[in-house]
Structure formats: C-alpha cells, structure tokens
Amino acid sequence: MAAPRNRSLERIERAAERRHQRGVPRTRLGIAAGILALVIAPLAVYLTRQSLETTQTTYGVVAAESSPFLLTYLIGGSLAIGGIGLLVPKAWGWWLTAAAAVLGPLDLLRIYRNLYATLNFDHPNIDNVIRKLAFLAGVPAALYLVLLAILLVRKVRETYRVVSA
C-alpha cells in the first residue's frame, strides 16, 4: 500500500518542478519595463487629447472626432494590461507590451500627420502651436522607444523566453 502513495507524491513533486521551470523570474529590467508601460498608458492618451484641444482652442475648429482615438485607447489599454503582465511576470505581458510599444509611434504618426495638415501656417501663434504639438507628440514617442529598447534587451527577452535560436 505504501507504493501507490509514493508514486502520487512523486507525480505531485514532478508537476511542481515543471511549473517552477515554466515560471518567469522577476528581474529589475522587467519591473522597470512594467512600471514604464503603466506610466505610458494613460500619459500617451492624455497628451494626444491635449494636442487636439490645443489645435481646437487656437483655431476654433475641431481637428478630429473621438473615433480616430480608438486605436490610441486600445494601445493604452494594451500597455496597461501588458505592464501588469510584466510585473506579475508572465510571458504574454512581454508580447502584449511589445506589440503596443511598436504600434504606439505608428499611431502617433497617423494622428499627427493629419493634425499638422489641418494647421493654418499664417496664424500669428503658429510657432507656439507647433512647439507645443512637437512636445506633446515627442514625449510619448520617446517613451515608447525607451520601452521598446528595454523590452529588446537580450536579458529581458531571455527572462520572458522570447529569444530566437
């Protein structure tokens, strides 16, 4: 009777060992990337909304409706969820955060390309508007690139098991 009990105990121990081997260790770079993703998520959405409000108050026209922001909101949500996944730590958090960090600058390019096309360059305050818009677009773009650089560090990729052979 003792033999079946030992076998079940051995199975439990082997299963625990396999779970331990599949787990992702927590590292400082992973924590930094997770915190940065959680900071960027609301900041990028907020700064993008501010840039449109700047254009609207300066020229008195609506530059864009809220529907073009759907992708911005999805990227912000993906960064927030991915940042939590990086802090937990889970491999899916790396993938979700990396996808959002790649799509973020492309979304900014899409929005600001259309926004700069609506500007009236004969306006007396155009210098201030362009300077403010460059700041509001540059901060999130730089943060996206810093986050992507952290995620692509070999040690982070190895930690989250995203290394190519």
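Residues numbered from 1 in each chain as written. Predicted model: local features only at pLDDT ≥ 70, side-chain atom pairs only at ≥ 80, totals over all residues. Heavy atoms only, no water.

Student: What is the right way to look at the pattern of salt bridges in this model?
Tutor: Between side chains of opposite charge, a pair can form when the charged atoms approach closely. Counted according to the given criterion, the structure contains 2 salt bridges. Here Arg110 ties to Asp107 by a salt bridge, and the two come within 2.5 Å at their closest N and O atoms. Of the two residues, Arg110 and Asp107 both sit in helix 4 (residues 91-117), 3 residues apart, roughly one turn of that helix. You can call Arg110 partly exposed: its relative accessible area is 27%. Classification of Asp107 as buried rests on a relative accessible area of 4%. Of the charged contacts in the structure, one is a salt bridge between Arg154 and Glu158, with a shortest N-O distance of 3.2 Å. Of the two residues, Arg154 and Glu158 both sit in helix 6 (residues 154-159), 4 residues apart, roughly one turn of that helix. Under the relative-accessibility criterion, Arg154 is labelled partly exposed at 46%. (Salt bridge = Lys/Arg side-chain N within 4 Å of Asp/Glu carboxyl O. Helix = DSSP H or I, 4+ residues; strand = E, 2+ residues; numbered from the N terminus. Buried < 20%, exposed > 50% of the residue type's maximum accessible area, 1.4 Å probe, protein only.)

Student: Please clarify how a nonpolar patch on the surface should be interpreted in this entry.
Tutor: On the surface, Ile31, Ile35 and Val39 cluster together into a nonpolar patch covering about 230 Å² of accessible area. Inspection of the secondary structure assignment puts Ile35 in helix 2 (residues 28-59). Using a relative accessible area of 46% as the deciding quantity, one classes Ile35 as partly exposed. (Patch = residues over 30% accessible without salt bridge, like charges linked within 9 Å, V, L, I, M, F, W, Y side chains within 5 Å. Areas by Shrake-Rupley, 256 points an atom, 1.4 Å probe, with all protein chains shown as cover.)

Student: Mind showing me how you'd approach the side chain of Thr97 here?
Tutor: Position of Thr97 among the secondary structure elements: in helix 4. For Thr97, the residues in contact, after removing those within four places along its chain, are Ala37, Leu79, Gly82, Gly83, Leu86, Leu147 and Leu151. (Contact = heavy atoms within 4.5 Å.)

Student: Whenever I open this one, the packing of aromatic side chains confuses me. Can you help?
Tutor: The relation between two aromatic rings is expressed through the spacing of the ring centres and the mutual angle of the planes. In this structure the tally under the stated criterion is 2 aromatic pairs. Between the aromatic rings of Phe69 and Tyr73, the centroid separation amounts to 6.2 Å while the plane-to-plane angle is 45°, which identifies the pairing as tilted. For Tyr73, a relative accessible area of 38% gives the class partly exposed. For the pair Trp94 and Trp95, a centre-to-centre distance of 5.0 Å together with 85° between the ring planes defines the contact as edge-to-face. The exposure class assigned to Trp95 is exposed, which follows from its relative accessible area of 53%. (Phe/Tyr/Trp six-rings, centres within 6.5 Å; stacked < 30°, edge-to-face > 60°.)

Student: Sorry, what's going on with helix 3 (residues 70-87) here?
Tutor: It helps to recall that an α-helix has 3.6 residues per turn; residues three or four apart then point in one direction. The terminal C-alpha atoms of helix 3 lie 26 Å apart, and with 18 residues this matches the ideal 26 Å at 1.5 Å per residue to within 8%. For helix 3, the complete set of buried residues consists of Thr72, Ile75, Gly76, Leu79, Gly82, Gly83, Gly85 and Leu86. (Expected span 1.5 Å × (residues − 1).)

Student: In this structure, what is going on with the nonpolar core? I would like to understand it.
Tutor: General note: in soluble globular proteins, nonpolar side chains tend to be found buried as a group. In terms of nonpolar packing, the biggest core is built from 35 residues, with Leu79, Trp94 and Leu147 touching the most fellow members. Elements supplying a minimum of two residues to this core: helix 2, helix 3, helix 4 and helix 5 (126-151). Counting residues per element, this core draws most heavily on helix 5, which supplies 10 residues. Residues in contact with Leu147, not counting those within four places in the same chain, are Ala33, Leu36, Ala37, Ile40, Leu79, Thr97 and Ala101. (Core = buried A, V, L, I, M, F, W, Y, C linked by side-chain atoms within 4.5 Å.)

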